[in-house]
Amino acid sequence: MQNVLFFVDRVSSWVGQAFSWLIVALTFLITWEVFARYVLNTPNPWAFDLMIMMYGAAFMMAGAYTLAKNGHVRGDVLYSFFPPRLQAGLDLVLYFVFFIPGVVALVWAGTTYAAESLAIKEHSTLTANGPPLYPFKMVIPFAGVLLLLQGFVEIVRCVVCLKNGAWPPREPDVEEVDVDQLKAQVSTGKEAP
């Protein structure tokens, strides 16, 4: 069972990390557009549309990755003081009441939205001869399906925690630097555990 959970975590992580490279591409695109506009005096009318699509795709595809790493915002001030079983029970209720209906609606509406866009070969209307929108709109249901799959994994984790009284392990990821731990490393010259 744990292998299945880790497999879904790895898929969510891989997709999220792959789409995170859009931020690098977006940085280069913005830099080039500013240079072209103010130095060369040749702005590209499609650049703004492409920037919006790249940012939107990176944002949408990061949802499952963030859920896999337990990184979504929650009321940690109170939640962190709860015992694991209470945390899992609360999470389980919230997944069934809000998460699943919301993400199913996202997949349903996103599929319709993307299919209609593909059927008419929709292009952006912000500029003349704008870039095609249907590839971008296809990201919506795809991101929703990944998020739903990761949500089911999180529901299984909640059930396991309710049963065992402890959260099951997650795939390791890059951790944020703890400032106090970093200060201790610098002052003692030793690596923290």
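Structure shown above.
Note that the structure is a prediction, hence the values are computed from the model and not measured. (Residues numbered from 1 in each chain as written. Predicted model: local features only at pLDDT ≥ 70, side-chain atom pairs only at ≥ 80, totals over all residues. Heavy atoms only, no water.)

Summed over all chains, the structure comprises 3 aromatic pairs. Ring plane angle 40 degrees and centroid distance 5.5 Å describe the contact between Trp32 and Phe35, whose orientation is recorded as tilted. A residue pair is termed a helical-turn pair when its members lie 3 or 4 positions apart in one helix, as Trp32 and Phe35 do in helix H1 (residues 2–38) at 3 residues. Taking relative accessible area as the criterion, Trp32 reaches 44% and is therefore assigned partly exposed. Classification of Phe35 as partly exposed rests on a relative accessible area of 36%. For the cation-ring pair, Lys121 lies above Tyr134, with the distance from its terminal atom to the ring centre recorded as 5.5 Å. One cation-aromatic arrangement involves Lys137 over Tyr113; the distance from NZ or CZ to the ring centre is 4.2 Å. (Phe/Tyr/Trp six-rings, centres within 6.5 Å; stacked < 30°, edge-to-face > 60°. Helix = DSSP H or I, 4+ residues; strand = E, 2+ residues; numbered from the N terminus. Buried < 20%, exposed > 50% of the residue type's maximum accessible area, 1.4 Å probe, protein only. Lys NZ or Arg CZ within 6 Å of the ring centre and 35° of its normal.)

Below, the discussion takes up the layout of surface pockets. The calculated volume of the largest pocket comes to roughly 310 Å³. As for the largest pocket, its lining consists of 13 residues, of which Val73, Arg74, Asp91, Leu94 and Tyr95 are closest to the centre. Considering every element that reaches the lining of the largest pocket, the biggest residue donor is helix H4 (residues 84–119), with 7 residues. (1 Å grid on protein atoms, 1.4 Å probe; cavity = no way out; pocket = protein on both sides within 12 Å on 5 of 7 lines; lining within 4 Å. Points joined across faces, edges and corners; volume = space filled by probe spheres on them.)

Grouped together as the largest cluster of nonpolar side chains are 20 residues, with contacts concentrated most on Met61, Tyr95, Phe99, Val103 and Leu147. Elements supplying a minimum of two residues to this core: helix H2 (47–68), H4 and helix H5 (134–164). The greatest single-element share of this core, amounting to 8 residues, is contributed by H5. When neighbours within four sequence positions are excluded, Leu147 is seen to be in contact with Gly63, Ala64, Leu67, Phe99 and Val103. Of all hydrophobic cores here, the second largest spans 5 residues; its members include Leu26, Ala47, Met51 and Met54. (Core = buried A, V, L, I, M, F, W, Y, C linked by side-chain atoms within 4.5 Å. Contact = heavy atoms within 4.5 Å.)

Structurally, the position occupied by Thr127 is in the loop between H4 and H5. The exposure class assigned to Thr127 is partly exposed, which follows from its relative accessible area of 22%. In this structure, the C-alpha to C-alpha distance between Thr127 and Ala47, residues 80 residues apart in sequence, is 9.7 Å. Ignoring sequence-local partners within four residues, the contact set of Thr127 consists of Pro45, Trp46 and Asp49.

So, on to the environment of Asp91. You can see Asp91 is positioned in helix H4. You can call Asp91 buried: its relative accessible area is 9%. The spatial distance from the C-alpha of Asp91 to the C-alpha of Cys158 is 7.0 Å, given a sequence separation of 67 residues.

It is worth spelling out the pattern of salt bridges at this point. Taken as a whole and assessed by the stated rule, the structure comprises 3 salt bridges. Close ionic contact of Glu33 with Arg37 constitutes a salt bridge, the shortest N to O distance being 3.2 Å. On the criterion of helical spacing, the pair formed by Glu33 and Arg37 is a turn pair, its members being 4 residues apart in helix H1. Given a relative accessible area of 6%, Glu33 falls into the buried group. (Salt bridge = Lys/Arg side-chain N within 4 Å of Asp/Glu carboxyl O.)

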